[in-house]
Every structure is written in C-alpha cells, then in structure tokens.
There are 2 protein chains.
Amino acid sequence: MSYSALEQHFEQLHHLQHLGAICGWDQATMMPPGGNEARAEALGTLAVLCHRQLQDPRLGDWFARAESEPLSQEQQQSLAEMRRAWRDATLLPADLVRARSLAGSRCEHAWRSLRPANDWAGFLPLFEEVVALSREAAAARSEALGLSRYDSLLELYEPGMRTQALDTLFGELSGWLPGLIAEVQEKQRLETVLSPQGPFATDKQKALGLEVMSWLGFDFHHGRLDVSAHPFCGGVSEDVRLTTRYDEADVAQALMGIIHETGHARYEQGLPAAWRRLPVGQARSMGVHESQSLFFEMQLARHPAFIARLSPLLARYFGDQPAFEPGNLARLYTRVQPGLIRVDADEVTYPAHIMLRYRIERDLIEGTLAPRHLPERWNQLMQQYLGLSTEGNDKDGCLQDIHWTDGSFGYFPSYTLGAIYAAQQAEAMQQQLGPFERLIDDDLTAVFGWLEHHIWRHASLCSTGELMARATGHVLDAAPFRRHLEQRYLG
Amino acid sequence: MSYSALEQHFEQLHHLQHLGAICGWDQATMMPPGGNEARAEALGTLAVLCHRQLQDPRLGDWFARAESEPLSQEQQQSLAEMRRAWRDATLLPADLVRARSLAGSRCEHAWRSLRPANDWAGFLPLFEEVVALSREAAAARSEALGLSRYDSLLELYEPGMRTQALDTLFGELSGWLPGLIAEVQEKQRLETVLSPQGPFATDKQKALGLEVMSWLGFDFHHGRLDVSAHPFCGGVSEDVRLTTRYDEADVAQALMGIIHETGHARYEQGLPAAWRRLPVGQARSMGVHESQSLFFEMQLARHPAFIARLSPLLARYFGDQPAFEPGNLARLYTRVQPGLIRVDADEVTYPAHIMLRYRIERDLIEGTLAPRHLPERWNQLMQQYLGLSTEGNDKDGCLQDIHWTDGSFGYFPSYTLGAIYAAQQAEAMQQQLGPFERLIDDDLTAVFGWLEHHIWRHASLCSTGELMARATGHVLDAAPFRRHLEQRYLG
C-alpha cells in the first residue's frame, strides 16, 4: 500500500528530526563554544538530508496512489499533512536550505555574545545574510503558493492564517488596547506592591521549579529541565527538553518561565502516541502551541486561586516574607508596565510587542525595510506603541529576540494568536466545568482533562479553525481575551 | 576530480556521525529513561543512513578514477582509509546493520538496570540476539576478507592485528605475568598503606577533576566533563565529551578515571585539524587510543613525580590527612590485588582480565561457546587466571562490561595492546628527553609535545605498525611493558 510506504518514509524523517532536536537542544544548553562550527555543519547536512527525504522521487507516485486507497478519516488527514510537508519541502532548492541552516546557525551563535555586547554593527552582516536568504525562500514559496511573500512564511507556522486576518485582528486590538493599558495603569498607580527580597539561590529556584512542574503534571520519565540563554521547550514528544534561566535577584522570571514552557511540554507529552512519528501527530500550529503555554502562564498561574497555592510554596523554599502574601503576589504578577523586553512583558502590553515585530518582519520580507534600518525602525515603533526609546540600546531593542537570528520570520504573530486562543479556551472550559476557583486544586485533573480532550489529543487531525471551533465555539475571537483582561485588570 | 567528490561525500558521513556521537553521549548522560525507545529508533535510522552513505553506487567509480589522479602521499593514504571504510560498510546488508543497532541499543539500555539487579536471566535473551547478529556479521566479513570470523571483527578496531599475533603476545605475557603478580604481592604483603578517609563530596571531586584536566591540557573550549554509569570519552574531536562517575567513599576512582579519559581526549583534540572530517583524520586504532589513556593514567599519573604533585592538590580539596602523603599515595596507587572488576584492576593484573575476555569473545564469535554458558565459562577462567569466583555474582562477572551489550566484539584486546604501546612510548620518550622525574612539571609541555609530534598529529596517516616503529623503534614489543612493571613494582 502506498499509504504505508508513505508512513514508513515519514517515520524515517521523524527520526532524523529527533536527532536534530536533541543536537539543537545540546547546542543551546551543553555545547562548549568551540564546538559550534562543527555542529553548524553537521546540522546543515542534516537539514539537507531531511530536505532530500522530502524530495524523494517516489513520493509523487505514492501520494497519487494513496488518494485512491481505502483510508480511515484519520489516515486521510495524515495523508494531507504529509502532503503539506512534501509541498513545503519541494518548494526550495537544497542549496538554499543548506545555506539558510548554515547562516542561521552562525548568526544565532554569534548573537549569544553580540547581544550582551550591544554590538549591532557586528550582528548586521550576519543578519543581512539571514534576511537575504529568507527573502529568497519567501519569494520561491510565494510564487508556488500564490500567497504574498510574508503570507508564504506565515503559512509555515500558522497554516491558513493570512496578513489580512492579522491586520483585522491587530486593528481590532489596537482599537481598545491602548485605552485599556492607560486605564489599568491609572488603576494600579495607587496600589502598593512589595517586591520579594532576594537573593534567591539558583538551586532552590530549580527545586521549586521542579516541584511546580510536577504539580502541573510534567512527566519526568519523558523529559527534563535545564538552563539556556533563551528558554525554550525542545526535544521530542517522548523526551521533552525544557529550559529556563535563573536570576538570583528575581524568583518570578524562572518560575513563570518554567510554568510557560511546561504548558508547551504538556501539549507535546499529550500528543496521541499512535500518531507521534507522523506529521499529523505533531502540534497543530505555533499559535495553538503558544495557547497552551499562555494558558498555563497567564490564565492559570496568575489566577488568584493558583497564586494562593504558590504563596506557601515560595515561603517554604525561601523563607516567609510579606511580599509572598497571596494578595501582594497577585498584584505583583498582574502588574502592568510598558517595558522594552518582550519576554518580561505583562499580558496586557505584550500584544504591542508583537504588533511591532509583525510590522517589521512583514516589511523585511516584503522588501520594504532594509536590515540596516532595523534599529531606527524598532525605536520608532517602540515610541509609538509604548512610548519608550531603544536608541543606542539595541540589546534591549532589536537584538533581544532569538527568532530572527535563524530566519524564523512569520513566527511572532503566533504569540498573540496564542493569547487569544488561550482566553477562548479558558472561557469555554469555565463555562463547561465551573470557575477556576473550583478547578484549581491539588492535581488540576479537570483542567488537564479538558485540555487533553479538546486540544492535545487532536494533534493535527483537524485544522486550527476546526479545533478551536469545536473546543470553544469560535474559530478566532478576540472578545474572550478582552473580557479576560478587563475582568482581571479592571474588575 | 573524483578524489574531491570522495572527500565531500565522506565529510557528509562525518556530519552524520557527529549527530550520532552527540545523541549517543546524551543517551548515556542526560536522557530520561522514557526517551530510550524513540532514541534507539532514531539512532537505528541514522546507522542505516551512514551505511547507505557508504553504499552510494557512485563510490565504486570514484575510487577507480581517483587511483589515477595526481594525489599527494597524504591524499593517497586518505583514499586508502576511505576505501577501507567503504569496504567495511559494503560487506553487510542494510537490514543487518539496522537490526544490530536496534538490538544493541535495547540490550545496552536494559543492561543499565539488569546489571545492578544481577539479573543474568533477564539479560540472556537480549544478549543472545546481539551475539547471533554479531556472528552473522562476522560470517559475512570473514568470507569477504579471507580472515577468520574473529579476526574479521578484530580488523574493525585494530587494522592489521590477527588472532595469531595476539596468541603469541598473550602467550608471552602469560609466561612471566603470573610469576610477576605473585612476586609483587609477596613484596607488598608487608607494606603499610593508609586508605584516604572520606566522604569526598561529589562537587569537590568534580572541581578537583576539572583542575587536573586543565593541568593535563584538556581544552574546555572544545569539550566538557559529565557523569555516566560507564565512563567514556565521546563526542567529536572539536567537542570532546568526557564522562566519569563519582563514589563519595573513594576519591581515586573518579580522579584516575578522569585522567584516563583525558588521555583519550587529548588524542582526539590533538588530531590534525585539516583531516578531521575524513577517515584518515581519525584515531589510528583503539589500541593506539588506549595507549594514550593508559599513558596518562598509568605511565604518568602513577609515577612518583606526578603523585608528588597530586598530593597537595588532594589536601587542598579535602583537607590534609596522612593518607595523602606522597609515599603513601604512591603505594596506594600501585597496589596490586587480584579482583573481579576490570575497570578497578591495577595495571599488573589487568592483562589477565583481557586474556579472559579475549578467549571468551573469540569463542562466542567462532561459535564454540554458546551465550547461555557465559557465566560458567567466566567463572572458570576467573578461577584459572586470578583465583577468584564469580559464581552467582554475574553483576561483578560477565555482566560488568558495557562492550558486549551493543555487540562490540573484538575490542577488548585493544586495552592490553594499549598498555604495551604506552610502555613503548614512555620508554622511548624518556630515552629521548630524559626521565619523567624531570619531564613532569607545571605544564607537562615536553610530554605533550612528544605525544603530539609522534602520535596525535599522525591520525591514520600511516599504519599502527609504522606509527609505533617510527615513534619507538618497534612495531609491537612487550619488553618495555615488562621492564616498566618490574621497575615500578619490584625495583
């Protein structure tokens, strides 16, 4: 059967991706600096091999024949997802794939030291190469898919999502968000908030993080926690590699980061075992992935009922202090303050950071913005959206994110899509099961049961729109996100 | 040029092997247990791909044409080493390669828990599969190479070495070694040796190990130190992954293990950068590799001049105690005591462990010993060589080593070949440069300069025989090893 041949072929691809995921994790967490050049070359060759696996000349025949084979509905969807991966791969020549992988590895590695050094000039030539190759890739995809250049990249992370829909969504958000930010700031102006007093020893922070991960159901038989400069959730779904970074002056950064990544991890660990090695068994989209991490970090972890349980934990690990009092923690963890750093942003100002990046990356890819103008453009938009300047401070401006360093243009919108999907899910869940006040307990069974039933186990067995519509009644709806923010911050 | 095409092709192979080396290291040091099945599958697919890379139908043509191209002497040797790798790969069908990789991964993984449980019965079926597949591989190689089955596996680790030469060597050793062991034991019977009193905290042992690695010239820009159940030196030469295990009751185990693995590591880090990605740029043989680790661990680290420098280091990390006095440490580190565990054996009794394994693995592969008789045969030979019993104690008997679990038959002789090569090198070095008493200083420049000049930089640019003859005047000569043992233990 051709469908079986396709399954076997894509399982091999999955094995190669497994090796890449582990070596990529190693590169960010364990590898000594002198190993990078060889690693970049090895990963470059792997990228070519994955690409070649997807360009196997037998695939065309197999796909054609499989169409007329008796397949279950799930197998049909599996076939469609294999076809999509095939289509994406056959659009780009192998040389371009290899060049992008090499340039991305180099730029990302250099960024790790150039960012702290605030060295835009050192970064620019590496970045220009990455942008040029990404534009080339976008042009090739655009022509074949009949999409705009930027949409053709967006399609890689958010299948079905388009610039037009994003412009509508961000237009709507920008209608009410600035007013909301101002109102919340005004309301919070008179609040008293105590900052926890450190230092918070790294080993204790790690122990606390591990305990919270256990509470959140992370399966340590199939994953682990480590340290990297830019936290991520990597590895494979059988062996999820979650990372964080510790700041001994601030316990919230690692803690909230770990909760966030644990949301990603539970999605990965909850994907259906039977489909794990095939495209249809992977996470539906980056936005859905982000909806899980933001569900954990924002909907769940900043809810008063969750904070009431965090409070005694913090006191146990670091000794009691007035700042750990639940009411204070709740005020602290919902503090709204426009700032330069996206990953430190609160959930109210966060969409502004995304709108800024969306406009810039769209223009970089469409060719209406040159990489050398990035710092200036960044500063301009940051002034416009949040009233802040990044002039001469690129390390907290356009150098702050890892995403563009390896050419992941089209990814950023997923963060705000995720926030909106998470709010839709939280509202639907509470309508069906009752308020979080009742659902947040010792093992959070009801919460995880709902997510597993409505999100995790479906992997890519339906479209994002279908997934969200079945789970929440709406495909994409910013209203629950707005209600969530108004209730939490102005309620 | 066909030679250039071959270089490019083998560089790609090297990249795949890089990914395998890092994922293999991860499997032994970092991976949570639930990740093993997926990892074994991924590494199985990688083994097939490496195999396929070596079976590319273009290779035959390229090799034929490259023969008549104008090549430097080094390129000719490079061609010969590529041809050897090609020959080795084309001897075995892809299915067998994959089956061996899968069975080996499973058996090795199970061994990690079966050994501590002393569970021979649980191990046997997995091991029988590994032996059966190894016999199958040996039969195929034997037929093609015109060697005996065991020699055909030996050729993988010690190109050019044969059962006949080993029988001669081990015959010679067994002529004088038992008498030497008895004499040394008699001489040491009346010695007073103090054991250092622990506990020795793991973190301090690690810090000491790192300091000693620095002294021994390990390049931390291109490598790191971690923990695994069975210490090894893995990774790639640009990024050497060294492991150890810590016993808080015994500081010598990790320390000497680290020194041993650092010998392997310096060889890897000292391989010529220009040839690193090709077969000719790899270590010459396992015996030569082991000669470097044993040079570090035995020739160097147990020399009184080295111990005199270790003594104050130990006192600095763990507080002074009488056992750290140099004379006592020298007696302690040269204590000869027949024991069950190979990796804990002193350099005098070690060859007995190897002769035992050599006879067993030769017979397993030639088919004259069935796997189910292994515990019995092990016990019998252990009684014969060292007067010790392993009856009912397989965890300290035939289950103690990792090597056979993944089918690495033919490897064990390399350990004793390494000890003999190391003694040849140490004798030649001292004849040329002066005694170790003068060479062992703050940075060991002269020692490492000699090794780099005579061993490391030659990689596989000549045969083991040529390498050793040029460096020491002899191809393989047990006399320096005997002189070394007699001088150190009876002198």
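About the thresholds
Residues numbered from 1 in each chain as written. Chains lettered and ligands numbered in written order. Predicted model: local features only at pLDDT ≥ 70, side-chain atom pairs only at ≥ 80, totals over all residues. Heavy atoms only, no water. Helix = DSSP H or I, 4+ residues; strand = E, 2+ residues; numbered from the N terminus. Buried < 20%, exposed > 50% of the residue type's maximum accessible area, 1.4 Å probe, protein only. Contact = heavy atoms within 4.5 Å. Least-squares fit on C-alpha atoms with pLDDT ≥ 70 in both. Expected span 1.5 Å × (residues − 1). Polar contact = N/O pair within 3.5 Å; in protein donor to acceptor, adjacent residues only side chain to side chain. UniProt positions renumbered as here; feature names shortened; annotations may be inferred. Salt bridge = Lys/Arg side-chain N within 4 Å of Asp/Glu carboxyl O. Pairing = 2+ DSSP bridges. Axes fitted to C-alpha atoms, helices over the stretch in contact; angles between N-to-C directions.

1. So, the environment of threonine 202 of chain B
All names here are of chain B.
Then, in step 1: Considering the arrangement of structural elements, one finds threonine 202 in helix α9 (residues 202-215).
Then, in step 2: Accessibility expressed as a relative area gives 30% for threonine 202, which makes it partly exposed.
Then, in step 3: The spatial distance from the C-alpha of threonine 202 to the C-alpha of glycine 263 is 22 Å, given a sequence separation of 61 residues.
Then, in step 4: Setting aside residues no more than four positions away along its own chain, threonine 202 makes contact with Tyr246 and Glu248.

2. Section: the relation of the copies chain A and chain B
Then, in step 1: The two copies are related by a screw motion: chain A maps onto chain B through a turn of 180° and a shift of 0.0 Å along the axis, at an RMSD of 0.0 Å. Such values leave the two copies arranged in the relation of a two-fold axis.
Then, in step 2: A high fraction, 100%, of the interface residues of chain A reappear at the interface in chain B, so the copies pair face to face through one surface.

3. Side note on helix α10 (residues 251-270) of chain B
Residues and elements named next belong to chain B.
Then, in step 1: Relative to the 28 Å expected for 20 residues at 1.5 Å per residue, α10 spans 28 Å between its end C-alpha atoms, a close match to the ideal helical length.
Then, in step 2: Most of α10 sits inside the fold, with 19 of its 20 residues counted as buried.
Then, in step 3: For α10, the capping residue at the N-terminal end is aspartate 250, with a side-chain oxygen 3.0 Å from the backbone nitrogen of alanine 252.

4. Overview of the UniProt feature "binding site: Zn(2+)" (unreviewed entry) in chain A
All names here are of chain A.
Then, in step 1: UniProt marks His260, His264 and Glu290 with the feature "binding site: Zn(2+)" (unreviewed entry), using the numbering shown here. Taken together, the annotated residues stretch across 31 residues yet fold into one region, lying no more than 8.8 Å apart by C-alpha.
Then, in step 2: Relative to the elements of secondary structure, histidine 260 occurs in helix α10 (residues 251-270).
Then, in step 3: Judged by its relative accessible area of 11%, histidine 260 falls in the buried class.
Then, in step 4: Filtering out sequence-adjacent residues up to four positions away, histidine 260 remains in contact with Glu290, Ser293, Leu294 and Glu297.
Then, in step 5: In this fold, histidine 264 is placed in helix α10.

5. Here we look at the pattern of salt bridges
Residues and elements named next belong to chain A.
Then, in step 1: Following the criterion strictly, the structure yields 60 salt bridges over all chains and no others.
Then, in step 2: Of the charged contacts in the structure, one is a salt bridge between arginine 488 and glutamate 347, with a shortest N-O distance of 2.9 Å. Of this pair, arginine 488 sits in helix α20 (residues 479-490) while glutamate 347 is found in the loop between α13 (326-333) and α14 (350-366), placing the two residues 141 residues apart along the sequence.
Then, in step 3: Residue classification places glutamate 347 among the buried positions, given a relative accessible area of 6%.
Then, in step 4: Counted as one network, the salt bridges with shared partners bring together Arg87, Asp88, Arg141, Glu155 and Arg162.

6. Details of the pairing of strand β3 (residues 239-244) of chain B
Residue and element names in this part refer to chain B.
Then, in step 1: Of all 6 residues in β3, 6 are buried, a share of seventy percent or more.
Then, in step 2: Residues Asp239, Arg241 and Thr243 of β3 are buried on one face, and the alternating residues Val240, Leu242 and Thr244, pointing to the opposite face, are buried as well.
Then, in step 3: Of the strand pairs in this sheet, strand β1 (residues 223-227) and β3 are connected by 5 bridges, and their pairing is parallel. Paired with arginine 224 across the bridge in β3 is arginine 241.
Then, in step 4: Pairing geometry for strand β2 (residues 233-236) and β3, over 4 bridges, is antiparallel.

7. Here's the deal with the sheet that holds strand β2 (residues 233-236) of chain A
Residues and elements named next belong to chain A.
Then, in step 1: Spatial ordering of the open sheet is given by β1-β3-β2, a layout of 3 strands whose pairing is mixed. The open sheet terminates on both sides in strands that have one partner only, identified here as β1 (223-227) and β2. Going across the sheet, the axis of each strand differs from the next one's by a mean of 25°, ignoring polarity.

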